[in-house]
Structures are given as C-alpha cells and as structure tokens.
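The chain contents come next:
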Amino acid sequence: MCKGLAALPHTCLERAKEIKTKLGTLLQKPDSAIDFIIPYPEKPEKPPKAQKPSLEEAVQWRDSLEKLLQNPYGLASFHSFLRSEFSEENVEFWMACEDYKKTKSPMKMAEKAKKIYEEFIQTEAPKEVNIDHFTKAVTMKNLVEPSPSSFDMAQKRIFALMEKDSLPRFVRSEFYQELIK
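Residues numbered from 1 in each chain as written. Predicted model: local features only at pLDDT ≥ 70, side-chain atom pairs only at ≥ 80, totals over all residues. Heavy atoms only, no water.

What follows concerns the packing of aromatic side chains. Scanning the model with the defined rule gives 7 aromatic pairs in all. Centre to centre, the rings of Y100 and F151 are 5.1 Å apart; their planes meet at 85 degrees, and the pair counts as edge-to-face. A residue pair is termed long-range when its members are at least 10 positions apart, and Y100 in helix α6 (residues 89-101) and F151 in the loop between α8 (133-142) and α9 (152-172) qualify at 51 residues. Assigned by exposure class, Y100 and F151 land together as buried. Among the aromatic residues, those joined into a cluster by ring pairs are F78, F81, F170, F175 and Y176. (Phe/Tyr/Trp six-rings, centres within 6.5 Å; stacked < 30°, edge-to-face > 60°. Helix = DSSP H or I, 4+ residues; strand = E, 2+ residues; numbered from the N terminus. Buried < 20%, exposed > 50% of the residue type's maximum accessible area, 1.4 Å probe, protein only.)

Here it is in structure tokens:
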C-alpha cells in the first residue's frame, strides 16, 4: 500500500510542487475567456469605401443574391456578416472566381487557378468550399488547361448554396436590418 507523500524523496516533492505551480498558472482563465479568444464585434463592421445603398436597392437584396453581390456595399456587408459567422469561404471563393475571370494573361490565369484550387477546392484546403465530388472532378479536369470558365460549375454551385442558405440568414441579421432602417 502507498505510505503517502512522506515516503517520496524530498527532491521529488519539490519538483511536484514546481510543476503544480506552473500548471496552475497556465490553467488560470482571464475574466472573459471567450472575448480573449474570439474578439466579437458588438455592432456590425461598416463596409469601407462603398456608398450606402438606397432603401429601395437594399430591399431588393432580399430576393436577389445577384443584385447584392453586384453592389460593392452589399458585397462588403454580406462578407462581413459571413465572417462574423465564420463561414466566409463561399463568398470569398465566389469573389476569387470573379477576379479570375477578368484575368487576361494565360500565365497569371494559371497562377490564380492554382491558388484558388489550393485555397478552396482541394480536399483539406484552408477554406474548402462544400461542392459535390462530380463538380470537384469537372473543376480539376478544367484546370488542366485553365480558361476563364474553369471554375464556372463550382461557382454556380456555391452561388446556389449561398442563395439558399446564406442569403436568408443575412436578411434576418442585424447587418441587413441596420441597412433597411
């Protein structure tokens, strides 16, 4: 049977106390641990450098993701909202595809295609978007010879996903409600 701590050599006891003190310091939490880990803004961030839309224009966004994404203020608001929900990868993929389509140089197009693939499409990508296996396979095939339409199928799938899922959440959010006041 164990004779207790008295049976341990003095050096072991001292070392155990040191370890306990160090662990105790590490395990202490700040007053508001969640604010320390995840800074969460009280109010929505105001989109920079874009003119605030008219009430009529903002109201149209409820029914048209396309109109929302075409408006710089709307896009910035939507992006800020998705960032606040930690789900910005879809809109960032959509924006990357729009930028990619404007690329003229075949060399730059290949570079951008590789970057988009590595960031959004490949399995375990840092911002992997949720596309089906068939769409991923078609996109990979298209990237053998990059063209402005290489990501079209994946971009359409992500647009549909945002239209069905993200847009309704955005319309119910404080971000959007502030716009239509």
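Here we take up the pattern of salt bridges. Going through the model one piece at a time under the given rule, you end up with 11 salt bridges. A salt bridge links E98 to K101, with the nearest nitrogen and oxygen atoms 3.3 Å apart. Of the two residues, E98 and K101 are both situated in helix α6; the distance of 3 residues between them amounts to about one turn of the helix. Note on E98: relative accessible area 25%, which makes it partly exposed. (Salt bridge = Lys/Arg side-chain N within 4 Å of Asp/Glu carboxyl O.)

Our focus in this paragraph is α9. Here α9 contains 21 residues, and its C-alpha end-to-end distance of 29 Å stays within 8% of the 30 Å for a straight helix at 1.5 Å per residue. A bend of about 40 degrees at E163 is the largest found in α9. Of all the positions in α9, only A154, Q155, I158, F159, M162, S166, L167, F170 and V171 are classed as buried. Check the buried side of α9 and you find it contacts α4 (65-70), α5 (72-84), α6, α7 (106-121), α8 and α10 (174-179). (Expected span 1.5 Å × (residues − 1). Bend = angle between axes of the 7 residues up to and from the residue. Contact = heavy atoms within 4.5 Å.)

This part covers the environment of Q177. The topology assignment puts Q177 in helix α10. Residue Q177 is classed as partly exposed on the basis of its relative accessible area of 34%. A sequence separation of 118 residues divides Q177 from V59, and the C-alpha atoms of the two residues are 10.0 Å apart. If we skip the residues at most four places from it in the chain, Q177 touches V171 and R172.

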